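# Examining the three-dimensional arrangement
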Amino acid sequence: VPPRSGEGSGACGAGVVPYGNVVATPVGWSAERLLAAGGRAEWVGHSSIENAHSSEERAALRRKFGVGPEETLVALLPGSRRSELSVLAPRLTQTAEVMNAQRAIRFIAVVPRELAGEARQHFPASIAVMVDCASELLVAADAAVVKPGTACLEAVLARPPHVALYAFPPGGRAGWALRWAGTR
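Let us look at the structure shown here. (Residues numbered from 1 in each chain as written. Predicted model: local features only at pLDDT ≥ 70, side-chain atom pairs only at ≥ 80, totals over all residues. Heavy atoms only, no water.)

### Regarding helix 7 (residues 150–158)
For clarity, the cut-off: Each residue gets one of three labels from its accessible area relative to the maximum for its type: buried under 20%, exposed over 50%, partly exposed in between, using a 1.4 Å probe on protein chains only. Segments assigned H or I by DSSP are reported as helices when at least four residues long, segments assigned E as strands when at least two residues long, and all are numbered from the N terminus. Throughout, the arc means that of the directions going from the helix axis to the C-beta atoms.
Within helix 7 the residues assigned to the buried category are Ala151, Cys152, Glu154, Ala155 and Ala158. The arc that holds the buried residues of helix 7, viewed along the axis, is 160°, so those residues lie on one side. Arg159, located one to two residues past helix 7, shows a positive phi value of around 75°.

### A word on the sheet that holds strand 4 (residues 106–111)
Threshold: A pair of strands is labelled paired if DSSP reports no fewer than 2 bridges between them. For every element, the axis is a line fit to its C-alpha atoms; helices are fit only across the contacting stretch, and the angle between N-to-C directions ranges from 0 to 180 degrees.
Taken in spatial order, the five strands line up as 5-4-3-6-7 in an open sheet, and their pairing is parallel. This sheet does not close on itself; its edge strands, each paired only once, are strand 5 (128–131) and strand 7 (162–164). Along the sheet, successive strands turn relative to each other by an average axial angle of 20°, direction set aside. Bridge count for strand 3 (residues 73–77) against strand 6 (residues 143–146) is four bridges, and the pairing is parallel.

### Here we look at the nonpolar core
Here is the rule: Only buried Ala, Val, Leu, Ile, Met, Phe, Trp, Tyr and Cys residues count toward a nonpolar core, and they belong to the same one when joined by side-chain atoms within 4.5 Å. Throughout, a contact is declared for two residues whenever any of their heavy atoms are within 4.5 Å.
Ranked by size, the top nonpolar core spans 21 residues in total, and within it Phe65, Leu73, Ala75, Leu77, Leu137, Leu138 and Val146 carry the most contacts. Setting aside residues no more than four positions away along its own chain, Phe65 makes contact with Arg106, Ile108, Met130, Cys133, Glu136, Leu137 and Ala140. Counting 15 residues, the second largest nonpolar core, distinct from the first, contains Leu85, Ala96, Leu115 and Ala119.

What follows is the structure in C-alpha cells.
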C-alpha cells in the first residue's frame, strides 16, 4: 500500500513510483495519482472501503450504541487476537481511567465474537464490550484508540480522530530484542 494513499488529494504516495514495477493500492484515487506520476498501478479495493458507512449514519449509530448527542464516545479497538487483547486491554483501561479523571467520557470496546467472554474479563464494567461492529462504532465515535492494522484503515474511513496503540507481550519483547541484537 503506498504511503499516505488514503489521502484523497495532493501528490501523497507518488514517491514510490521509481521503486516498484507495479503498485497495488486499496483506493481508486491513489491508483490514478500513481498512474499520473508515470507508475504502473492497480486498484485492488479493500472490504473496509467498500463497506464503509456514511457520516449521515452517525446519529442513528450513536442511538444504536445508547450514546446521547451531548456525550463523548471513545471507541477502543484492542485487536482481533487473544494475545493482543490480553496485552492491550489493560493499557486501554488505564487510558480510559486517565481520560475519565478529566471529564466524563463513554468508552466502548469492540472485539470479535469469539473473544467477547475474554474481553469482559479484561475490561471493567464501566467499559461496554461489543462484538463485530468496529466500523459502525468508529462512525459513531468522537475519538478512538486502535491497534494498528485494519482498524487504522477503518478509523481513517470513519474519520474520528484516533491514535494507534501497540505493545508486545513480555515474551515478544524479548524475542524482538534478541532478533534486533542479532542484526547489529
